[in-house]
Amino acid sequence: MPSIPRKLLFGLGLASLIMESVVSLPAFAADKVSLFKVITSKDEIVIGLTDAELAQVEGQNAGGVAKMLVAKGSMSVWQYAVHKSAAGDLEQAPLHKVGLIASDSLRVEPYATTLKVLPIDDSKK
């Protein structure tokens, strides 16, 4: 079995390390998204708030989101839904922007998922 020259092996390892860091940079640049389930007497939806949006919420939790909605009367947020990625994996992805209106029958709770949560694309805002 022929041996691989050390310089070639080192070069391949360095190239793969550089490529991995370049590919993973967009993931670090995107805001993390927290998901919440909004429940009314008629239906329920899953919404996503970026870290920047959540920083404006008192307590940065579901109770704070509900308080903010009641105080403002309405909010514009991204609705999230499950979809398949190009690789065939299921992901939570932003579907479209929706308006929430405060209501007495409204409940907001944290939404946990084992699926990958995609960031909100700023170009679609």
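Examining the nonpolar core
Consideration 1: Ranked by size, the top nonpolar core spans 16 residues in total, and within it Phe36, Ile47, Val65, Val77 and Leu100 carry the most contacts.
Consideration 2: At the level of elements, strand S1 (33-39), strand S2 (44-50), helix H3 (62-72), strand S3 (74-84) and strand S4 (90-101) are the ones that each hand at least two residues to this core.
Consideration 3: By residue number, the principal contributor to this core is H3, which donates four residues.
Consideration 4: Setting aside its immediate chain neighbours within four residues, Leu100 contacts Val38, Ile45, Ile47, Leu69, Gly73, Ser74, Met75 and Val77.
Consideration 5: Judged by nonpolar contacts, the second largest core, of six residues, contains Val46, Trp78, Tyr80 and Ile120.

A word on the pattern of salt bridges
Consideration 1: Under the counting rule described, the total for this entry stands at three salt bridges.
Consideration 2: For Lys67, the salt bridge goes to Glu58, with nearest N and O atoms at 3.4 Å.
Consideration 3: A relative accessible area of 56% means that Glu58 is categorised as exposed.
Consideration 4: Arg107 is the partner of Glu109 in a salt bridge, and the nearest nitrogen-oxygen pair spans 3.1 Å.
Consideration 5: Among the residues examined, Glu109 registers a relative accessible area of 24% and is labelled partly exposed.

How each quantity is defined
- Residues numbered from 1 in each chain as written.
- Predicted model: local features only at pLDDT ≥ 70, side-chain atom pairs only at ≥ 80, totals over all residues.
- Heavy atoms only, no water.
- Core = buried A, V, L, I, M, F, W, Y, C linked by side-chain atoms within 4.5 Å.
- Buried < 20%, exposed > 50% of the residue type's maximum accessible area, 1.4 Å probe, protein only.
- Helix = DSSP H or I, 4+ residues; strand = E, 2+ residues; numbered from the N terminus.
- Contact = heavy atoms within 4.5 Å.
- Salt bridge = Lys/Arg side-chain N within 4 Å of Asp/Glu carboxyl O.

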